[in-house]
Amino acid sequence: MSTTNDMISINVTIDIAASTLQMIVENVKKISGADEKGIYRVDTAEKVNEMVSSFLKKYAFNEYVNNIDNYKR
(Lines give C-alpha, C1' and ligand atoms only; values in the text may rest on other atoms or scores of the structure.)
Protein backbone atom coordinates (compact mmCIF):
# COMPACT_ATOMS: atom_id res chain seq x y z
CA MET A 1 0.00 0.00 0.00
CA SER A 2 1.18 3.47 -0.82
CA THR A 3 1.94 6.07 1.80
CA THR A 4 0.57 9.58 1.52
CA ASN A 5 3.99 10.72 0.26
CA ASP A 6 3.47 8.51 -2.79
CA MET A 7 -0.02 9.83 -3.50
CA ILE A 8 -1.04 12.37 -6.10
CA SER A 9 -4.41 14.04 -6.54
CA ILE A 10 -6.21 13.71 -9.86
CA ASN A 11 -9.55 15.10 -10.96
CA VAL A 12 -11.75 12.57 -12.70
CA THR A 13 -15.37 12.07 -13.55
CA ILE A 14 -16.93 8.94 -12.10
CA ASP A 15 -20.42 7.52 -12.37
CA ILE A 16 -22.20 6.77 -9.11
CA ALA A 17 -25.85 6.14 -8.42
CA ALA A 18 -27.88 9.16 -7.38
CA SER A 19 -28.91 7.16 -4.31
CA THR A 20 -25.24 6.76 -3.35
CA LEU A 21 -24.68 10.50 -3.47
CA GLN A 22 -27.87 11.00 -1.49
CA MET A 23 -26.59 8.60 1.21
CA ILE A 24 -23.29 10.46 1.44
CA VAL A 25 -25.07 13.81 1.80
CA GLU A 26 -27.46 12.45 4.45
CA ASN A 27 -24.67 10.82 6.46
CA VAL A 28 -22.31 13.78 6.35
CA LYS A 29 -25.16 16.03 7.50
CA LYS A 30 -25.78 13.67 10.44
CA ILE A 31 -22.10 13.75 11.38
CA SER A 32 -21.59 17.49 11.03
CA GLY A 33 -24.90 18.75 12.33
CA ALA A 34 -26.47 22.10 11.56
CA ASP A 35 -25.22 25.42 12.86
CA GLU A 36 -27.28 27.71 15.10
CA LYS A 37 -29.26 28.89 12.05
CA GLY A 38 -30.07 25.33 10.96
CA ILE A 39 -27.62 25.47 8.05
CA TYR A 40 -25.33 22.56 7.24
CA ARG A 41 -21.84 23.70 6.33
CA VAL A 42 -20.28 20.68 4.69
CA ASP A 43 -18.31 20.12 1.51
CA THR A 44 -20.10 17.08 0.10
CA ALA A 45 -17.86 16.98 -2.98
CA GLU A 46 -14.82 16.67 -0.72
CA LYS A 47 -16.57 13.94 1.27
CA VAL A 48 -17.20 12.00 -1.96
CA ASN A 49 -13.48 12.40 -2.72
CA GLU A 50 -12.58 11.08 0.75
CA MET A 51 -14.99 8.14 0.48
CA VAL A 52 -13.81 7.05 -2.97
CA SER A 53 -10.13 7.42 -2.02
CA SER A 54 -10.69 5.41 1.14
CA PHE A 55 -12.49 2.71 -0.82
CA LEU A 56 -9.66 2.47 -3.37
CA LYS A 57 -7.07 2.09 -0.62
CA LYS A 58 -9.10 -0.44 1.36
CA TYR A 59 -9.86 -2.66 -1.59
CA ALA A 60 -6.38 -2.74 -3.15
CA PHE A 61 -6.91 -0.69 -6.31
CA ASN A 62 -3.18 -1.09 -7.07
CA GLU A 63 -3.62 -4.84 -7.35
CA TYR A 64 -6.71 -4.39 -9.50
CA VAL A 65 -4.96 -2.15 -12.03
CA ASN A 66 -1.93 -4.44 -12.05
CA ASN A 67 -4.07 -7.27 -13.45
CA ILE A 68 -4.14 -6.89 -17.25
CA ASP A 69 -7.41 -8.85 -17.46
CA ASN A 70 -9.20 -5.95 -15.77
CA TYR A 71 -8.53 -3.76 -18.81
CA LYS A 72 -10.62 -5.96 -21.10
CA ARG A 73 -14.28 -5.12 -21.51
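Figured I'd write up the structure that's included with this text. These figures come from a predicted structure and were not determined experimentally. Residue positions are given per chain, counted from 1 along the sequence in the order it is written. Only residues with pLDDT of 70 or above have their local features reported here, since the model is predicted, and side-chain atom pairs are shown and tallied only from 80 upward, although totals for entire chains, interfaces and linings are computed over all residues. To obtain the side-chain values, all non-hydrogen atoms of the structure were included, while hydrogens and water were left out.

In this section: unusual backbone geometry. The phi dihedral of A60 is positive, around 55 degrees, even though this residue is not glycine. By the secondary structure assignment, A60 is in the loop between α2 (44–58) and α3 (61–66). Secondary structure follows DSSP: runs of H or I at least 4 residues long count as helices, runs of E at least 2 residues long count as strands, and numbering of each begins at the N terminus.

For the rest of this paragraph, the subject is the pattern of salt bridges. Pairs can form between side chains of opposite charge once their charged atoms are near each other. The rule for a salt bridge is simple: a side-chain nitrogen of Lys or Arg has to be within 4 Å of a carboxyl oxygen of Asp or Glu. A complete count under the given rule lists 3 salt bridges for this structure. Between R41 and D35 there is a salt bridge, with its nearest N and O atoms 3.2 Å apart. Think of it in three bands: with a 1.4 Å probe and only protein chains considered, a residue is buried below 20% of the maximum accessible area for its type, exposed above 50%, and partly exposed in between. A residue is classified by how much of its surface remains accessible, and D35, at 21% relative accessible area, is partly exposed. E50 is paired through a salt bridge with K47; the nearest N and O atoms lie 2.7 Å apart. Remark: K47 and E50 occur in helix α2; sequence separation between them is 3 residues, near one turn of the helix. Overall, the relative accessible area of 26% leaves K47 in the partly exposed class.

An α-helix turns once every 3.6 residues. As a result, residues three or four positions apart point the same way. In this model α2 runs 21 Å from its N-terminal to its C-terminal C-alpha over 15 residues, within 8% of the 21 Å that 1.5 Å per residue would give. Each polar contact in these results corresponds to two N or O atoms within 3.5 Å; when the atoms are within protein, one needs to be able to donate a hydrogen and the other to accept it, and residues that are neighboring in sequence are counted only if both atoms are side-chain atoms. Capping the start of α2, D43 holds a side-chain oxygen 3.3 Å from the backbone nitrogen of A45, two or three residues further along. Looking one or two places after α2, you find A60, whose phi comes out positive at around 55 degrees. An expected span of 1.5 Å times one less than the residue number is assigned to each helix.

Relative to the elements of secondary structure, D35 occurs in the loop between α1 (18–32) and α2. Residues D35 and Y71 lie 36 residues apart in sequence; the distance between their C-alpha atoms is 46 Å. A polar contact is formed between the side chain of D35 and the backbone nitrogen of K37, at a distance of 2.9 Å. Within polar-contact distance, the side chain of D35 engages the side chain of R41 at 3.2 Å.

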